[in-house]
Amino acid sequence: MPLEATSRQIRQALRSGHLPVIRTFFDEATFTATHVVHDPATRTAAIIDSVLDFDQPSGRTSTTSADEVIAYVGQKGLSVAWLLETHAHADHLSAAPYLQEKVGGSIVIGASILTVQEVFGKIFNEGPAFKRDATQFDRLVADGDHLKLGDLDISVLHVPGHTPACVAYAIGDALFAGDTLFMPDYGTARADFPGGDARTLFRSIQRLMRLPDQTRVLLCHDYRTPERSDFVWETTIAAERQANVHVHEGVTEDQFVAMREARDATLGMPRLILPSIQINMRAGHFPEPEDNGVRYLKLPINLL
């Protein structure tokens, strides 16, 4: 079973002491943590949930955040094998194509991105030029799949609920959970986007909670709390199980669903959801230019 195999991988990594090296780059503009993970033995690396800077009022992109990652990769002499996406983000643009051009690596996402492409292809009334077969990505992964990062193992767990295509990647002893979980004092991801579901999210989280206590959990976002001034993006499964304010031990599925749905009903749409989804469902590529050579993003009116 995928969960049991992932647990064995984590325990073996902890026993052997062969653990991934992790360097995180935090983009405060989008509250996003981009993780560069490498195998210390082979210096093979993966970049997880990268950020392309985007100024929405002007419609201009820049690569400041991605260039910091590239500089680190060069300084450490790393060889990038994978550009891993935990899901099609609704809060920032992926820099995966830019990073691929500069440092290499295959762009990877969960196989259920096909569902996301179908749903949002309709929302944005995309024509036949937008392929809904996920061929924009280099590799699709499903629950239980395995990749290699040098001498380290990567296990894939499908954790839908926030979106249908969310996956978590376990690399050595570290779990990269995407938006499924936040820091224990902040809780869990919303589940009200098209294709999201609070009950499904609860069940996905319960799978993760069965991983070993010592599992390092690296998050995609942190928004802080009124009681905490620092941004933090690393915790453990034990801390999540014991203290997550939304889904600690003892919270039932029905209690979680009632809380999550009531909370989601009060939340506004993410500031960058419309541009982000149009780009991220294309693996970070922009729509094709129109006959004047300019690329455009759509703004559906009174739809979402």
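Fair warning: this is a prediction, and the values are worked out from it, not measured in the lab.

The rules behind the values
- Residues numbered from 1 in each chain as written.
- Predicted model: local features only at pLDDT ≥ 70, side-chain atom pairs only at ≥ 80, totals over all residues.
- Heavy atoms only, no water.
- Helix = DSSP H or I, 4+ residues; strand = E, 2+ residues; numbered from the N terminus.
- Rg over C-alpha atoms; globule rule 2.2 N^0.38 Å.
- Buried < 20%, exposed > 50% of the residue type's maximum accessible area, 1.4 Å probe, protein only.
- Contact = heavy atoms within 4.5 Å.
- Areas by Shrake-Rupley, 256 points an atom, 1.4 Å probe, with all protein chains shown as cover.
- Lys, Arg positive; Asp, Glu negative; His and termini not counted.
- Charge placed at Lys NZ, Arg CZ, Asp CG, Glu CD.
- Expected span 1.5 Å × (residues − 1).
- Arc of directions from axis to C-beta.
- Salt bridge = Lys/Arg side-chain N within 4 Å of Asp/Glu carboxyl O.
- Polar contact = N/O pair within 3.5 Å; in protein donor to acceptor, adjacent residues only side chain to side chain.
- Pairing = 2+ DSSP bridges.
- Axes fitted to C-alpha atoms, helices over the stretch in contact; angles between N-to-C directions.
- Core = buried A, V, L, I, M, F, W, Y, C linked by side-chain atoms within 4.5 Å.

A few words now on the overall build of the protein. Looking only at helices and strands, one finds eight helices and 14 strands in the protein. In terms of overall size, the protein behaves like a compact globule, its C-alpha atoms giving a radius of gyration of 19 Å where 304 residues would be expected to give roughly 19 Å. Judged by the C-alpha coordinates and their principal axes, the protein covers about 60 × 50 × 40 Å. Looking at the 304 residues of the protein, the share that counts as buried comes to 53%. Partitioning the intrachain contacts of the protein with sequence separation of at least 6 by distance along the chain shows that 67% fall at a separation of at least 24. Of the roughly 13000 Å² of accessible surface on the protein, a fraction of 50% belongs to carbon and sulfur atoms. Seen as two clouds, the 28 positive and the 39 negative side-chain charges of the protein have centres 3 Å apart.

What follows deals with helix H7 (residues 253-264). Structurally, the α-helix is built with 3.6 residues per turn, so residues lying three or four positions apart point the same way. Spanning twelve residues, H7 covers 16 Å between terminal C-alpha atoms, matching the ideal 16 Å at 1.5 Å per step. Among all positions in H7, only Glu-253, Phe-256, Val-257, Arg-260 and Asp-264 are buried. Down the axis of H7, the smallest arc covering the buried residues is 100 degrees, so these residues share one side. Looking at the buried positions of H7, the neighbouring elements they touch are helix H5 (198-208).

Turning next to the pattern of salt bridges. This model, assessed by the stated rule, comprises 14 salt bridges. Between Arg-216 and Asp-173 there is a salt bridge, and its shortest N-O distance comes to 2.8 Å. Here Arg-216 is found in strand S13 (residues 216-218), whereas its partner Asp-173 is found in the loop between strand S11 (167-171) and strand S12 (174-176), with 43 residues between them in sequence.

Next up on the list: the environment of His-246. With respect to the helices and strands, His-246 occurs in the loop between helix H6 (237-243) and H7. Residue His-246 is classed as buried on the basis of its relative accessible area, which comes to 10%. Residues His-246 and Gly-195, spaced 51 residues apart in sequence, show a C-alpha to C-alpha distance of 21 Å. The contacts of His-246, once residues within four sequence positions are left out, are Tyr-186, Gly-187, Thr-188, Val-251, Phe-256, Met-259, Arg-260 and Arg-263. Polar contacts involving the side chain of His-246 include one to the side chain of Thr-188, which spans 3.0 Å.

Bringing helix H4 (residues 113-123) into the picture now. Buried within H4 we find Ile-113, Val-116, Gln-117, Phe-120, Gly-121 and Ile-123. For H4, the arc enclosing every buried residue in end-on projection is 150 degrees, short of the 170-degree limit, so these residues lie on one face. Buried residues belonging to H4 abut strand S7 (106-110), strand S8 (139-141) and helix H8 (273-280).

Looking now at the pairing of strand S9 (residues 146-149). Side chains Leu-147 and Leu-149 of S9 all project onto a buried face; the interleaved residues His-146 and Lys-148 project onto a face where none is buried. Bridging between S9 and strand S10 (residues 152-158) involves four bridges; their strand directions are antiparallel. Paired with Lys-148 across the bridge in S10 is Asp-153. If you look at the hairpin formed by S9 and S10, you'll find two residues sitting between the two strands, and Gly-150 has a positive phi there, around 60 degrees.

A few words now on the sheet that holds strand S3 (residues 44-48). The pairing of strands in a sheet happens through backbone hydrogen bonds and is either parallel or antiparallel. Read across the open sheet, the six strands follow the order S1-S2-S3-S6-S7-S8; overall the sheet is mixed. The open sheet has two free edges, formed respectively by strand S1 (21-27) and S8, since each of these has just one partner strand. Adjacent strand axes in the sheet meet at a mean angle of 25 degrees, parallel and antiparallel pairs treated alike. Pairing geometry for strand S6 (residues 79-84) and S7, over three bridges, is parallel. Bridging across to S7, Leu-84 finds its partner in Val-108.

If you trace the six strands from one edge of the open sheet to the other, you get S9-S10-S11-S12-S13-S14, paired in mixed fashion. Looking along the sheet, the strands with just one partner apiece sit at the ends: S9 and strand S14 (234-236). When the angles between neighbouring strand axes are averaged without regard to direction, this sheet yields 25 degrees. Of the strand pairs in this sheet, S11 and S12 are connected by three bridges, and their pairing is antiparallel.

Grouped together as the largest cluster of nonpolar side chains are 39 residues, with contacts concentrated most on Val-36, Ile-47, Leu-99 and Ile-113. Mapped onto this core, the elements with two or more residues apiece are S3, helix H2 (64-76), S6, helix H3 (96-103), S7, H4 and H8. Ranked by residue count, the leading element in this core is H2, at five residues. Not counting chain neighbours up to four residues away, the residues in contact with Leu-99 comprise Ile-47, Ser-50, Ala-66, Val-69, Ile-70, Leu-83 and Gly-104. With 26 residues, the next largest nonpolar core counts Cys-166, Val-217, Val-247 and Val-257 among its residues.

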